[in-house]
Amino acid sequence: MEQQIRTLTARLLASRSLPRSDALVRRALVDDAFRVELDNRLAAVGLQLIDNPYADHVAVALAGDMHEPVFGAGREYAASNVGLTRDQLALLIVIWALIVLPKRERQINRQKLSDDGQNDMFGHEAPLPRGEEVAGSIVEASLLADFAPVLGHKTYVQGKLLSRLAQLGFIERRGGLIHEGPLLDVLLDYRLLADRIIHGTLGEVLAQAGHPPPEHDAFTAPEPDYDAPPAD
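In this report, we go over the structure that sits alongside the text. (Residues numbered from 1 in each chain as written. Predicted model: local features only at pLDDT ≥ 70, side-chain atom pairs only at ≥ 80, totals over all residues. Heavy atoms only, no water.)

In this section: the sheet that holds strand 2 (residues 47–51). Spatial ordering of the open sheet is given by 1-3-2, a layout of three strands whose pairing is antiparallel. A single partner strand is all that each edge strand has here, and the edge strands are strand 1 (17–19) and strand 2. Averaged over all adjacent pairs, the angle separating strand axes in this sheet is 25 degrees, with direction ignored. Strand direction decides the pairing type here: strand 1 and strand 3 (residues 57–62), joined by three bridges, are antiparallel. Its bridge partner being in strand 3, Ser17 is matched across the sheet by Ala59. (Pairing = 2+ DSSP bridges. Helix = DSSP H or I, 4+ residues; strand = E, 2+ residues; numbered from the N terminus. Axes fitted to C-alpha atoms, helices over the stretch in contact; angles between N-to-C directions.)

What follows is the structure, given as structure tokens:
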């Protein structure tokens, strides 16, 4: 086990994220003794393993008590602890809302992009879908048309904002489309962000741009419609 722990720790430090399908990652998620030892190794250097069961990857991040000693109060980290500027962070949240909010609804309902959920009466008993089978993509040209005027201009958004988010692993840009990167869903907390976006100013901005968010977060049951006719 010692060599496997060292290998996984080194790979996490080198790559920052690894897919859940990786053999050693799978072991860390199901083997309690292995996970405890991994957590101890990471904690010894001020890190922690971040595991979101709805995300396709796991990642390492600073332990909570290390943020201030490592980053301090430097101006470059006023917006985020990965050095994102405010406009980069704003675009990240927009992309997260456009990709992860509908993705989580599909996951909770056990729906895939290719399935409207009408053909599987046992859908809620199916394994939790992850990755590109539930995560949609964004047309980059459409994103630029809707939000570049607010964030600067097209060249700036492409060269300074999107390129930085891709470099950090939050997004992947392929063939004119923006896809979920390995860190998008694992490092941003859905339960913290979803309700604030849906019921906040950003939700209104998204709706005005033609991208209305869901009416409620995926973990909140919709209120019953007492005016609806009874089902047969």
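From this point, things continue past the structure.
Here the focus is the pattern of salt bridges. When charged atoms on two side chains of opposite charge get close, those side chains can pair. Inspection of every chain in the model, using the stated rule, returns 11 salt bridges. Between Arg27 and Asp31 there is a salt bridge whose closest N-O contact spans 3.2 Å. A salt bridge links Asp185 to Arg104; its shortest N-O distance comes to 2.7 Å. Of this pair, Asp185 sits in helix 8 (residues 184–187) while Arg104 is found in helix 5 (residues 86–108), placing the two residues 81 residues apart along the sequence. Classification of Asp185 by relative accessible area gives buried; the value is 1%. Taking relative accessible area as the criterion, Arg104 reaches 1% and is therefore assigned buried. What you see here is one network of salt bridges that share partners, running through Lys103, Arg104, Glu180 and Asp185. (Salt bridge = Lys/Arg side-chain N within 4 Å of Asp/Glu carboxyl O. Buried < 20%, exposed > 50% of the residue type's maximum accessible area, 1.4 Å probe, protein only.)

What follows is about the packing of aromatic side chains. Throughout the structure, instances matching the rule amount to one aromatic pair. Relative to Tyr190, the ring of Trp96 has its centre 5.9 Å away and its plane inclined at 45 degrees; by these criteria the two rings are tilted. Of this pair, Trp96 sits in helix 5 while Tyr190 sits in helix 9 (residues 190–198), and the two are 94 residues apart along the sequence. (Phe/Tyr/Trp six-rings, centres within 6.5 Å; stacked < 30°, edge-to-face > 60°.)

As a further point, take the side chain of His179. As for its placement among the helices and strands, His179 is situated in strand 6 (residues 177–180). The class for His179 is buried, based on a relative accessible area of 12%. At 3.5 Å, the side chain of His179 and the side chain of Arg174 are in polar contact. When sequence neighbours within four positions are dropped, the list of residues in contact with His179 reads Ile99, Glu132, Ser137, Phe170, Ile171, Glu172 and Arg174. (Polar contact = N/O pair within 3.5 Å; in protein donor to acceptor, adjacent residues only side chain to side chain. Contact = heavy atoms within 4.5 Å.)

Attention now goes to the packing of helix 1 (residues 2–15) against helix 2 (residues 23–30). Here helix 1 crosses helix 2 at 110 degrees, and the two axes come no closer than 10 Å. One way to sum up the angle between helix 1 and helix 2 is to call them roughly perpendicular. Listed contacts from helix 2 to Gln4, Thr7, Leu8 and Arg11 of helix 1 are Leu24, Val25, Arg27 and Ala28. Its residues assigned to classes, the contact of helix 1 with helix 2 comprises four nonpolar, two polar and two charged. (Parallel < 35°, antiparallel > 145°, perpendicular 65-115°, else oblique. Nonpolar A, V, L, I, M, F, W, Y, C, P; charged D, E, K, R; others polar.)

Turning next to the pairing of strand 2. Taken together, the five bridges between strand 2 and strand 3 define a ladder with antiparallel strand orientation. Pairing of Gln48 across the sheet is with Ala61, part of strand 3. Counted along the chain from strand 2 to the antiparallel partner strand 3, the turn is five residues long.

Among the secondary structure elements, Thr9 is positioned in helix 1. Assessed through its relative accessible area of 13%, Thr9 is described here as buried. Once residues lying within four places of it in the same chain are set aside, the contact partners of Thr9 are Leu38, Arg41 and Leu42.

Let's shift gears to the packing of helix 5 against helix 6 (residues 140–151). At a minimum axis separation of 11 Å, helix 5 and helix 6 run at an interaxial angle of 150 degrees. One element, helix 5, and the other, helix 6, form an angle in the roughly antiparallel class. Between helix 5 and helix 6 lies a crossing whose hand is right-handed. Residues Asp87, Ala90, Leu91, Val94, Ile95 and Leu98 of helix 5 lie in contact with helix 6, whose contacting residues are Leu143, Phe147 and Leu151. (Left-handed = near helix turned anticlockwise from the far one by under 90°.)

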